[in-house]
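Below are the chains, spelled out letter by letter.
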Amino acid sequence: VQLVESGGGLVQPGGSLRLSCEGSGFTFRSYVMAWYRQQAPGKERELVANINGAGGVTNYADSVKGRFTISRDNAKNMVYLQMNNLKPEDTAVYYCNSDIGSPLWYWGQGTQVAVSS
């Protein structure tokens, strides 16, 4: 199994970013996929959003509801996180994983998001 995240960067408060994650080595469409973030080394990763296998059901952490949108393309084994109206507290390393109530696979390298003026 491999999870490869991309799309992070430095953005000003109020800006937007779109994160991408490609999964391989498993039947991608069969799994709930999720985005997690780790705001500081040693701090526990928190669940940001998840999406069911068909893409019709999504859930969001209260802190990102209304600002972030998770989506997926099963034909490409991709899951995305559109992040709008970014805030400094969104600064974190973002990871994707399959979600079975807890993360299923080993973590990828993540993608760094920094929100600062």
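Asks: Pulling in residues and values, what's your account of the sheet that holds strand β9 (residues 92-98)?
Replies: If you trace the six strands from one edge of the open sheet to the other, you get β2-β10-β9-β4-β5-β6, paired in mixed fashion. The sheet is open, and its two borders are formed by β2 (9-11) and β6 (58-60), each paired with just one other strand. On average, each strand axis in the sheet is inclined to that of its neighbour by 25°, with strand direction left out of account. Taken together, the three bridges between β9 and strand β10 (residues 111-115) define a ladder with antiparallel strand orientation. When the bridges of β10 are listed, V93 appears paired with Q112.

Asks: Go over the nonpolar core, please, and point to the residues and values.
Replies: Counting 25 residues, the largest nonpolar core has W35, V48, F68, V79, L81, M83 and Y94 as the members making the most contacts within it. Of all the secondary structure elements, the ones that give two or more residues to this core are β3 (17-24), β4 (33-38), β5 (46-51), β7 (68-73), β8 (78-83), β9 and β10. Beyond its immediate chain neighbours, meaning those up to four positions away, F68 contacts R37, V48, Y60, L81, Q82, M83, N84, L86, D90 and Y94.

Asks: Could you give me a rundown of the side chain of E5, with the residues and numbers involved?
Replies: Turning to its location among the elements, E5 is positioned in strand β1 (residues 2-6). Of the side chains bearing the opposite charge, R45 lies closest to the buried E5, which forms no salt bridge; the N-O distance is 7.8 Å. From its side chain, E5 meets the backbone nitrogen of G110 in a polar contact 3.0 Å long. Every residue in contact with E5, bar those within four places of it in the chain, is listed here: S20, C21, W35, Y94, Y95, C96, G108, Q109, G110 and T111.

Asks: Could you give an account of the packing of aromatic side chains, with specific residues and numbers?
Replies: Given two aromatic rings, their pairing is described by the distance between the two centres and the angle made by the two planes. What the rule picks out here adds up to six aromatic pairs. Ring centres 5.9 Å apart and planes at 40° place the aromatic pair F26 and F28 in the tilted group. Of the two residues, F26 and F28, both sit in the buried class. Relative to W107, the ring of Y95 has its centre 5.5 Å away and its plane inclined at 65°; by these criteria the two rings are edge-to-face. Of this pair, Y95 sits in strand β9 while W107 sits in the loop between β9 and β10, and the two are 12 residues apart along the sequence. Its guanidinium or amino end placed over the ring of Y95, R45 lies 4.2 Å from that ring's centre, counting from NZ or CZ. Sitting above the plane of the W107 ring, R45 keeps its charged end 4.2 Å from the centroid.

Cut-offs applied
- Residues numbered from 1 in each chain as written.
- Predicted model: local features only at pLDDT ≥ 70, side-chain atom pairs only at ≥ 80, totals over all residues.
- Heavy atoms only, no water.
- Pairing = 2+ DSSP bridges.
- Helix = DSSP H or I, 4+ residues; strand = E, 2+ residues; numbered from the N terminus.
- Axes fitted to C-alpha atoms, helices over the stretch in contact; angles between N-to-C directions.
- Core = buried A, V, L, I, M, F, W, Y, C linked by side-chain atoms within 4.5 Å.
- Buried < 20%, exposed > 50% of the residue type's maximum accessible area, 1.4 Å probe, protein only.
- Contact = heavy atoms within 4.5 Å.
- Lys, Arg positive; Asp, Glu negative; His and termini not counted.
- Salt bridge = Lys/Arg side-chain N within 4 Å of Asp/Glu carboxyl O.
- Polar contact = N/O pair within 3.5 Å; in protein donor to acceptor, adjacent residues only side chain to side chain.
- Phe/Tyr/Trp six-rings, centres within 6.5 Å; stacked < 30°, edge-to-face > 60°.
- Lys NZ or Arg CZ within 6 Å of the ring centre and 35° of its normal.

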